[in-house]
Amino acid sequence: MNYRALGNTGLNVSEVSFGTWAIGGSWGKTSDEEALRSLDRAIGEGVNFFDTADVYGDGRSEELLAKATKGKEDKIHIATKFCRAGDIHDPETYTYDRVAAYCEASLKRLNREALDLYQIHCPPIEILKDGQVFEVLDKLQQEGKIRNYGVSVETVEEGLLCLQNPNVKALQVIFNIFRQKPLESLLPEAKKNGVGILVRLPLASGLLTGKFTKDHVFEEDDHRNFNEHGAAFNVGETFAGLGFAKGVELADQLGWIAEGRKSMASAALRWILDQEEVSCIIPGFKNEKQVLQNLEALDERPFTGEELRALTEFYEEKVKSSIRGPY
């Protein structure tokens, strides 16, 4: 395993880390037993950082992480998120009493005394512009309940706005071969400010594995079934904002990235890790096989300059205009 600095937090995190939305719910069938086996395998392979949220399975993911990391709390770092258990547009959701209650609930489920990284979970930009939530987080930090805080953002504009606050230590962003906009200004600015970058949706909800055909049907409780067009939450959180059929068509045109590499998925993850500003990627998983497949990116050969130019051109000419939703 390779480790990278999470900005200037003092934490060194495994460059391939994992998100736990899928084991909590909304990604089709899973089981706690398989989730715990997978978490144990990841930790055994050197993964020391996991991302979760209080709404993933209504706390289920946090409880699974507590079981998987029992006795290893000082070695395994956890980031969780808050605000989506309430009305994200209501300023009351971001008051001290409300946020402290969210924080205490997460601490209890995680069985931790303090959170390594506490993140606002994709709030509206108006909340970020108001800025009072950052004062609340400063207070929780002073009380010792959180060690660092950051923001999971939907857009580059939101990310740049967060960087104006010197106490924001990490940004979680959607970034992959289909969604390259953060390369232009957000990633360089974050590095300049010593802010860590966590990359979610590195495989564009599975599109960049190349395993889907246009007639694939997702399970009813899988968000890839019910949120393709943004019916439940931001459309960018599903297939990176691409319609499924369009995403499959574009993924088919990217098959060449697997040539001379283990798989299209490991190649797509390697492309992200080739960006020096990235602290870690946090792909999801539902079983041990997926954990090991994601870890293959560690040994994947980097992209050549010619390949990188081809991927930039591909994004600009064929992908960019098809992405829906603000980003």
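Note that the coordinates shown come from a computational prediction; the quantities given were computed from them, not determined experimentally.

Draft legend 1. Representation of the packing of aromatic side chains. Taken as a whole and judged by the stated rule, the model has 12 aromatic pairs. Taking 5.3 Å as the distance between ring centres and 80 degrees as the angle between the ring planes, the aromatic pair formed by F18 and F285 counts as edge-to-face. Linking F18 in strand 3 (residues 18–19) with F285 in the loop between strand 10 (280–281) and helix 12 (288–295), this pair joins segments that are 267 residues apart in sequence. Overall, the relative accessible area of 0% leaves F18 in the buried class. F285 gets classed as buried once you look at its relative accessible area, which sits at 1%. Consider the rings of F218 and F244, whose centres lie 5.3 Å apart with planes at 80 degrees: the pair is edge-to-face. Of the two residues, F218 is situated in the loop between strand 9 (196–200) and helix 9 (223–226) and F244 in helix 10 (residues 244–252); the sequence distance between them amounts to 26 residues. We note that F218, like F244, is buried. The cationic tip of K181 hangs over the ring face of Y327; the distance from NZ or CZ to the ring centre is 5.0 Å.

Draft legend 2. The arrangement of the side chain of D116 in detail. Summarising the element assignment, D116 is placed in the loop between helix 4 (96–110) and strand 6 (117–121). A polar side-chain atom of D116 sits 3.0 Å from the main-chain amide nitrogen of I78. Among all residues touching D116, those that are not within four sequence positions of it are L11, I76, H77, I78, R147 and N148.

What counts and how
Residues numbered from 1 in each chain as written. Predicted model: local features only at pLDDT ≥ 70, side-chain atom pairs only at ≥ 80, totals over all residues. Heavy atoms only, no water. Phe/Tyr/Trp six-rings, centres within 6.5 Å; stacked < 30°, edge-to-face > 60°. Helix = DSSP H or I, 4+ residues; strand = E, 2+ residues; numbered from the N terminus. Buried < 20%, exposed > 50% of the residue type's maximum accessible area, 1.4 Å probe, protein only. Lys NZ or Arg CZ within 6 Å of the ring centre and 35° of its normal. Polar contact = N/O pair within 3.5 Å; in protein donor to acceptor, adjacent residues only side chain to side chain. Contact = heavy atoms within 4.5 Å.

Any link to function would need more than the numbers given here.
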